[in-house]
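# Descriptive analysis of the structure
Take a look at the letters that make up each chain.
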Amino acid sequence: AKPGISVTDAALKTEITNDTTSDGGLASNQMNNVTGAGGTPSVQTVAAQSMTVTQVGDAFLGYAHTTLDGGTYAGNTTWGTDASPQITYINGNAKISGSISGSGVLIVDGTLEIPGNITFHGLIIARGPVQVEITGSVEIYGGVMLAESTNPDSGNEFSMKGNGAIYYSSQAFNMINSNWSAALPQPAKLSSWQEKF
């Protein structure tokens, strides 16, 4: 089991979970909408891994991917399906005001604002000068990785004010590993089992 949202900065975890709308984060009625390991909400500070969030994104970008310019996405579109997941890279700030469905990996190198609707199966990586603001209807099955902002005191780094839900999904990560196994740091695998009485 993994957390719904992983951060490497303890201050960012506090910002997300302190139920204070002045600095963004989750409202009390949204805490149950971020599920995974570690309780409710499932937001955990994790130790720096062998790869930074930026490096994980770079590893995925070593595979074939779709590159989109930063901007507003107001239409209805699909960024990958469960049968054919894809890596979608947005080079710059992104505002999703339409309805997006997607599967695979979404990498955003800028702010991510979602006043519209998105349903995503897989991993969303927000890196660079991070600011994620959810005011629309969002369902993420998989996980979210947030890089520490280059200017953490510049404002809200994560804000969920709409109907947002993030559910850790091992099926989503299995799909990612089966398509792009070298990009994601690998978890420990069970190699044997011994019963003790």
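As the structure is a computational prediction, the values presented were derived from the model and not from experiment.

Basis of the calculations
- Residues numbered from 1 in each chain as written.
- Predicted model: local features only at pLDDT ≥ 70, side-chain atom pairs only at ≥ 80, totals over all residues.
- Heavy atoms only, no water.
- Helix = DSSP H or I, 4+ residues; strand = E, 2+ residues; numbered from the N terminus.
- Buried < 20%, exposed > 50% of the residue type's maximum accessible area, 1.4 Å probe, protein only.
- Contact = heavy atoms within 4.5 Å.
- Salt bridge = Lys/Arg side-chain N within 4 Å of Asp/Glu carboxyl O.
- Phe/Tyr/Trp six-rings, centres within 6.5 Å; stacked < 30°, edge-to-face > 60°.
- Pairing = 2+ DSSP bridges.
- Core = buried A, V, L, I, M, F, W, Y, C linked by side-chain atoms within 4.5 Å.

### Description of the side chain of Gln30
In this fold, Gln30 is placed in the loop between β2 (25-26) and β3 (34-35). Exposure remark for Gln30: the relative accessible area of 4% places this residue in the buried category. In this structure, Gln30 is in contact with Gly25, Met160, Lys161 and Gly162, ignoring residues within four places of it in sequence.

### Quick notes on the pattern of salt bridges
It is possible for side chains bearing opposite charge to pair when their charged atoms get close. Per the stated rule, a full pass over the model turns up two salt bridges. Residues Arg127 and Asp58 are paired through a salt bridge, measuring 3.0 Å at the closest nitrogen-oxygen approach. Placement of Arg127 in strand β10 (residues 117-127) and of Asp58 in helix α2 (residues 53-61) is noted, with a sequence separation of 69 residues between them. Between Arg127 and Asp109 there is a salt bridge, with the nearest N and O atoms lying 2.6 Å from each other. Of this pair, Arg127 sits in strand β10 while Asp109 sits in strand β8 (residues 99-109), and the two are 18 residues apart along the sequence. Residue Arg127 is classed as buried on the basis of its relative accessible area, which comes to 4%. Connected through salt bridges with shared partners, the residues Asp58, Asp109 and Arg127 form a single ionic network.

### Things to note about the packing of aromatic side chains
Aromatic ring pairs are defined here through the distance separating the ring centres and the angle between the ring planes. By the definition in use, this model includes four aromatic pairs. Ring centres 6.4 Å apart and planes at 80° place the aromatic pair Phe60 and Trp180 in the edge-to-face group. Of this pair, Phe60 sits in helix α2 while Trp180 sits in the segment after α3 (170-179), and the two are 120 residues apart along the sequence. The burial state of Phe60 is the same as that of Trp180; both residues are buried. Taking 5.6 Å as the distance between ring centres and 85° as the angle between the ring planes, the aromatic pair formed by Tyr73 and Trp79 counts as edge-to-face. Just as Tyr73 is buried, Trp79 falls in that class too.

### Here we look at the environment of Trp180
Judged by relative accessible area, Trp180 falls into the buried class, the value being 7%. Sequence-wise, Trp180 and Gly62 are 118 residues apart; in three dimensions their C-alpha atoms are separated by 9.7 Å. The residues contacting Trp180, other than those within four sequence positions of it, are Phe60, Tyr63, Pro85, Gln86, Ile87, Gly104, Val105 and Met175.

### Side note on the environment of Asn29
By the secondary structure assignment, Asn29 is in the loop between β2 and β3. Between the C-alpha atoms of Asn29 and Asn163, which are 134 residues apart in sequence, the distance is 10.0 Å.

### Points about the pairing of strand β14 (residues 163-168)
Looking at chain direction, β3 and β14 are connected through two bridges and run parallel. When the sheet's bridge partners are listed, Val34 is paired in β14 with Ile166.

### Quick word on the nonpolar core
Ranked by size, the top nonpolar core spans 32 residues in total, and within it Ile5, Ile16, Trp79, Ile90, Leu112, Leu146 and Phe158 carry the most contacts. Not counting residues up to four positions away in its chain, the partners in contact with Ile90 are Leu68, Asp69, Gly70, Tyr73, Trp79, Leu106, Ile107, Val108 and Asp109. The next biggest cluster of nonpolar side chains, apart from the first, holds 18 residues, and it includes Phe60, Tyr89, Phe173 and Ile176.

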